[in-house]
Protein chains: 2
Amino acid sequence: MKICIIGASGHYGYVLKSLSKGMKISGIAPGSAGENIGVLRNDMKKMGLLAKEYSDYRKMLDIEKPDIVVVNTFFSNNGKILKYLLERKINAFVEKPIAASLEELNEIKNLYEKVKEEMFFTAMFGLRYKAHFLTAKLLIDSGKIGEIRLINTQKSYKLGTRPDFYKRRDTYTGTILWVGIHAIDWINWFSKKKFLKIYATHSRIANKNHGELESTALCHFTLEDEVFASLSIDYLRPSSAPTHDDDRIRIAGTKGVMEVINGRVYLISDEGPVEPDLVEEKQIFTDFIAQITGKGPCMVTPQDSILATEIALLARESADTEKIIELKEGDDE
Amino acid sequence: MKICIIGASGHYGYVLKSLSKGMKISGIAPGSAGENIGVLRNDMKKMGLLAKEYSDYRKMLDIEKPDIVVVNTFFSNNGKILKYLLERKINAFVEKPIAASLEELNEIKNLYEKVKEEMFFTAMFGLRYKAHFLTAKLLIDSGKIGEIRLINTQKSYKLGTRPDFYKRRDTYTGTILWVGIHAIDWINWFSKKKFLKIYATHSRIANKNHGELESTALCHFTLEDEVFASLSIDYLRPSSAPTHDDDRIRIAGTKGVMEVINGRVYLISDEGPVEPDLVEEKQIFTDFIAQITGKGPCMVTPQDSILATEIALLARESADTEKIIELKEGDDE
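Computed from a predicted structure; not experimentally measured. (Residues numbered from 1 in each chain as written. Chains lettered and ligands numbered in written order. Predicted model: local features only at pLDDT ≥ 70, side-chain atom pairs only at ≥ 80, totals over all residues. Heavy atoms only, no water.)

Colleague: Can you walk me through the interface of chain A and chain B in this structure?
Modeller: Often, the extent of an interface is quoted as the loss of accessible area upon association of its parts. Contacts between the two partners involve 53 residues from chain A, matched on the other side by 53 residues from chain B. Buried surface at the junction of chain A and chain B, both sides included, amounts to about 3,800 Å², of which 60% is carbon and sulfur. For chain A, the biggest contributors to the area lost against chain B are Tyr199(A), Leu218(A) and His220(A); these three give 15% of the whole. At the surface where chain A touches chain B, the tally comes to 6 salt bridges. The salt bridge involving Arg248(B) is made with Glu259(A); its shortest N-O contact spans 2.6 Å. Taken together, the links from chain A to chain B amount to 22 residue pairs in polar contact (both at pLDDT 80 or more). Listing elements by their share of the side of chain A that touches chain B, those giving two or more residues are β7 (148–156), β8 (195–203), β9 (216–223), β10 (228–234), β11 (248–253), β12 (256–261), β13 (264–269) and β14 (272–274) of chain A. Of the residues in the side of chain A that touches chain B, the class split is 21 nonpolar, 17 polar and 15 charged. (Contact = heavy atoms within 4.5 Å. Buried area = accessible area lost by both parts, 1.4 Å probe. Salt bridge = Lys/Arg side-chain N within 4 Å of Asp/Glu carboxyl O. Polar contact = N/O pair within 3.5 Å; in protein donor to acceptor, adjacent residues only side chain to side chain. Helix = DSSP H or I, 4+ residues; strand = E, 2+ residues; numbered from the N terminus. Nonpolar A, V, L, I, M, F, W, Y, C, P; charged D, E, K, R; others polar.)

Spelled out as structure tokens, the structure:
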């Protein structure tokens, strides 16, 4: 199975750590003008891997004819490359957000509709596969907390010093799209409810010379059945913190409350508070390969990838325009 | 010092546990038609206290001429009684919200403006005096986390079976006003920033036969300087949980993150993560008495009480009308 990697600005690491027998990275190429893929080359070298390097990914695809393309260039360009792959019916493992505008997302939706029997793609929502999130999902699906009524999510990252392309909206897309989108995916994944209304705010203040990068954001979603979901996003996690991220989700239901915090799961149901044992971590790229090879469905579907991107784009629009955005019936996948 | 208590539907317990030498509860009376004050009578009896009972609080005030009146009747009537006390320049320790409508709050503001040199009142924001919140406040004020950029708050209560007056908006006021208002007060207290925009949603679904009581709510505030604050409110805490409430606040600043959770305080600043020792708990009624007797300012001011009520009323309006509410310049105290 031949893999090509376009770009080195996202989570190509998901691929490197899940390479197995019969898979080969045959080519790598930048996906954007000025993108340096040296970090990918070095990471591969450490693993004893060598791939042909191309300066033009189109040429690489023509020559290598890969089974799978991994797309993780400057965030605003991933959608353009995904479209290119959809047009050529090449399986794509693509960094989120999968589009940088609603127009682009619509084009991707329409293209995918035409080729969906012939190719597969998924966004890199790898966080779902962490042991704590998988455990939480099992608890929710088993009905432990009854009907979901309220969801609170958090994404908090260390900022550090980011590459220059983070500093411009037209290469970075925005903090709701790059960081917040994970929690939007969790809300969709856990609740299975339609998003009906979106309100969001974001701010660039205190972004430590990161140009247009938003250092804080807050989103407020109304889902079907008057279920509400909050999403707090920030790059304010101190460098001295024990982990890079502080991901959280708390779900309050009619029969209990479950939360994920510090990589652990806590449940309070009728039977009292418990900390359930965690199930085993999985790998998104392995799951993606299972789908491609007909061995089982990938947990993150193209529909999930489209939906989370759409909601994140609308949340960014809400924050930019300072307006509540209502989803028209049928907007939602 | 003579105290009269009107109503027994709120936190008169703050008074009972802080009674000291020279204070006497001389009279008690219901504040609303149909209000049973037997629970107050019994609690006083257990302490060996006996007060004259009146059926009409106006008559009680005329006869007893108290120095302080404690107001905690059905939530929608506290404002009416506070107005009555303001007109008579009697010090009032009053349950929150201090008004059930913006019109009533304006009347209270105007009345207070005229008598502020002659009387004092405060809302029962007793949670501020808990050891963990006092500790958190000291940390924030000492600049440990730098400039505040983002605030996340949570109020989660067990529902149990509430008295009938909780089941009607016209006696209960609403969950944002009764429960959420505490966190609005925290946001004001910690940040000292003006509220500029308010967006909120609330739902009565899953309120277990509690009529109009909202079981969930979510508020999204924009403060000055693009500081955002979230507030998640629910009555979904399972009866099996170790405590009645699950109060939380997380504040992310330019130099660190501080949070209060499970009655503990956690701080991550440049110096790494620490769990600071808690300062001693205080009592709001003792603080109120200090103000009345000229021994020091009460931490919860009339202005704070008015502000939190105003913001909570506007948040309820936002949730009812599904609109963003912008505060006009000068609306804020």
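Colleague: Even after reading the chapter, I still don't get the pairing of strand β10 (residues 228–234) of chain B, so can you show me in this structure?
Modeller: Walk down a regular strand and you will see the side chains alternate between the two sheet faces. Residues and elements named next belong to chain B. Counting buried positions along β10 yields 7 of 7 residues, so the element is predominantly enclosed. Here β10 shows no split at all, with Phe228, Ser230, Ser232 and Asp234 on one side and Ala229, Leu231 and Ile233 on the other all buried. Across 7 bridges, the pairing between strand β7 (residues 148–156) and β10 is parallel. Each residue of the ladder has a partner; that of Ser156, found in β10, is Asp234. Where strand β9 (residues 216–223) meets β10, 7 bridges bridge the pair, whose relative direction is antiparallel. Of the residues in β10, the one forming a bridge with Phe221 is Ala229. (Buried < 20%, exposed > 50% of the residue type's maximum accessible area, 1.4 Å probe, protein only. Pairing = 2+ DSSP bridges.)

Colleague: How should the layout of surface pockets be read in this particular structure?
Modeller: Gaps left between atoms show up when a probe the size of a water molecule is rolled over them. All names here are of chain A. Reported here for the second largest pocket is a volume of approximately 530 Å³. For the second largest pocket, the lining is made up of 24 residues, of which His11, Tyr14, Leu127, Tyr157 and His244 are closest to its centre. Partitioning the lining of the second largest pocket into residue classes produces 10 nonpolar, 7 polar and 7 charged. Per-domain counts for the lining of the second largest pocket show at least three residues from each of domain 1 (2–119) and domain 2 (128–286 + 309–326). (1 Å grid on protein atoms, 1.4 Å probe; cavity = no way out; pocket = protein on both sides within 12 Å on 5 of 7 lines; lining within 4 Å. Points joined across faces, edges and corners; volume = space filled by probe spheres on them. Domains from an automatic or database assignment.)

Colleague: Would you take a moment to explain the pattern of salt bridges for this structure?
Modeller: Pairing between side chains becomes possible if they bear opposite charge and their charged atoms approach one another. In total, this model carries 52 salt bridges over all chains according to the counting rule given. The network of salt bridges with shared partners includes Arg169(A), Arg204(A), Glu214(A) and Asp320(A).

Colleague: Where do I start with empty space enclosed by the protein in this structure?
Modeller: The tally for this structure, following the rule as stated, stands at 3 cavities of 30 Å³ or more. Within this model, the largest cavity holds a volume of roughly 310 Å³. Contributing to the lining of the largest cavity are 22 residues, with Asn152(A), Gln154(A), Arg248(A), Asn152(B) and Gln154(B) lying nearest its centre. For the lining of the largest cavity, the secondary structure elements donating two or more residues are β7, β10 and β11 of chain A together with β7, β10 and β11 (248–253) of chain B.

Colleague: I'm lost on the relation of the copies chain A and chain B in this one. Help?
Modeller: Two chain copies, one operation linking them: a rotation about an axis together with a shift along it. Expressed as a screw transformation, the operator carrying chain A onto chain B has a rotation angle of 180° and an axial translation of 0.0 Å, and the superposed copies differ by an RMSD of 0.0 Å. Overall, the copies show the geometry of a two-fold rotation axis. Counting the interface residues of chain A, we find that 100% of their copies in chain B are interface residues as well, pointing to one common contact surface. (Least-squares fit on C-alpha atoms with pLDDT ≥ 70 in both.)

Colleague: I'm lost on the domain arrangement of chain A in this one. Help?
Modeller: Residues and elements named next belong to chain A. Split into domains, chain A comes out as domain 1 (2–119) and domain 2 (128–286 + 309–326). Computed over C-alpha atoms only, the centres of domain 1 and domain 2 are separated by 25 Å. Between domain 1 and domain 2, the residue contacts involve 24 residues of the former and 20 residues of the latter. Roughly 1,900 Å² of surface becomes buried between domain 1 and domain 2 when both sides are summed, with 74% attributable to carbon and sulfur atoms. Summed over the three residues of domain 1 that lose the most area to domain 2, namely Phe75, Lys96 and Leu102, the buried surface amounts to 32% of that side. In this structure, the connection of domain 1 to domain 2 is made through 1 salt bridge.

Colleague: Sorry if this is basic, but what is going on with the packing of helix α5 (residues 102–115) of chain B against helix α10 (residues 302–321) of chain B here?
Modeller: Angle between the axes and distance between the axes: these two values describe a pair of packed helices. Residues and elements named next belong to chain B. Where α5 contacts α10, the axes come no closer than 10 Å and their chain directions differ by 165°. As judged from the angle between their axes, α5 and α10 are roughly antiparallel. Seen from above, α5 lies across α10 with left-handed handedness. Side by side, α5 and α10 meet where Leu102, Leu105, Lys109 and Tyr112 of the first sit next to Pro302, Gln303, Ile306, Thr309, Glu310, Leu313, Leu314 and Glu317 of the second. In terms of residue class, the contact of α5 with α10 is made up of 7 nonpolar, 2 polar and 3 charged. (Axes fitted to C-alpha atoms, helices over the stretch in contact; angles between N-to-C directions. Parallel < 35°, antiparallel > 145°, perpendicular 65-115°, else oblique. Left-handed = near helix turned anticlockwise from the far one by under 90°.)

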